[in-house]
Amino acid sequence: MDFAGLAVGIAFGACLFLGGLANPDKIVGALRLKDFHAIRVIAVFVLVGMLGTWLLHLGDAAHYSLKPAAMLSVLLGGAILGIGFGLVGYCPGTGLACAAAGRMDALVTVFGMFAGALAFILLHPLVAAPLDEIANQGKRALPELTGIPYAAWVIVFTVGGAVVLYLTRPREAA
């Protein structure tokens, strides 16, 4: 058993709770662009993960494993995920964390996620595989597609993310 993966999963779930993302109202508020708390927490996760992965890659401690950029499939899958996200107020991570904490609505959501995963597995050869060929960019990342170095992408996203975090910070009521 991979205890490192289990430990990271538990730590991630704890961070979701500590970050206030175990509340479905926060998630729905983010989707309605009325509550930026969840967006800010997720942005920090993404920025730290991106920066950390890049630094580990530079130190030869991690290696990128790119998946084919099947743009149509990714857009459709993202739309389906977003619809489910908005309906239940949980993303896969928060759903699992909240189910583990005993929330019954989250447990139902997790069963729905597994049912959706099973449907995907069964329908993939008929539906998703042909869609994967439409607008497929292959195993290439933004640096290869644009000719702009990884370092520039990391710097732009890190600085841009920091600016967005600053602009969306909570302000004192007057």
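Right above here is the structure, for reference.
Summarised in this report is the structure supplied together with it. (Residues numbered from 1 in each chain as written. Predicted model: local features only at pLDDT ≥ 70, side-chain atom pairs only at ≥ 80, totals over all residues. Heavy atoms only, no water.)

Bringing the overall build of the protein chain into the picture now. Broken down by element type, the protein chain carries 8 helices and 0 strands. Tracing the protein chain from N to C terminus, the helices and strands come up as α-α-α-α-α-α-α-α. Dimensions along the principal axes, computed over C-alpha positions, put the protein chain at roughly 45 × 45 × 35 Å. Out of the 174 residues belonging to the protein chain, those deemed buried represent 21%. In the protein chain, the proportion of contacts linking residues at least 24 apart, taken out of those at least 6 apart, comes to 59%. A total accessible area of about 11,700 Å² is found for the protein chain, and carbon and sulfur atoms account for 75% of it. Positive and negative charge centroids in the protein chain, built from 10 and 9 side chains respectively, lie 9 Å apart. (Helix = DSSP H or I, 4+ residues; strand = E, 2+ residues; numbered from the N terminus. Buried < 20%, exposed > 50% of the residue type's maximum accessible area, 1.4 Å probe, protein only. Contact = heavy atoms within 4.5 Å. Areas by Shrake-Rupley, 256 points an atom, 1.4 Å probe, with all protein chains shown as cover. Lys, Arg positive; Asp, Glu negative; His and termini not counted. Charge placed at Lys NZ, Arg CZ, Asp CG, Glu CD.)

Another point: the packing of aromatic side chains. One pass over the structure, following the stated rule, counts 2 aromatic pairs. Between F12 and F45 the ring centres are 5.4 Å apart and the planes differ by 50°, which places this aromatic pair in the tilted class. Of this pair, F12 sits in helix α1 (residues 3-18) while F45 sits in helix α3 (residues 37-58), and the two are 33 residues apart along the sequence. Here the aromatic rings of W153 and F157 are separated by 5.7 Å at their centres, their planes lie at 25°, and the arrangement is stacked. Taken together, the positions of W153 and F157, both in helix α8 (residues 150-167) and 4 residues apart, correspond to about one turn of that helix. Under the relative-accessibility criterion, F157 is labelled partly exposed at 41%. The ring of Y166 carries R169 above its face, with NZ or CZ at 3.9 Å from the centroid. (Phe/Tyr/Trp six-rings, centres within 6.5 Å; stacked < 30°, edge-to-face > 60°. Lys NZ or Arg CZ within 6 Å of the ring centre and 35° of its normal.)

Note that G52 resides in helix α3. Accessibility expressed as a relative area gives 26% for G52, which makes it partly exposed.

Here we come to the nonpolar core. If you look at the biggest cluster of nonpolar residues, it comprises 9 residues: L16, L21, I27, A30, A38, V41, F85, C91 and A97. Those elements that provide at least two residues to this core are α2 (24-31) and α3. The contacts of A30, once residues within four sequence positions are left out, are D35, A38 and I39. Residues Y90, C98, A99 and V110 belong to the second largest nonpolar core, which totals 6 residues. (Core = buried A, V, L, I, M, F, W, Y, C linked by side-chain atoms within 4.5 Å.)

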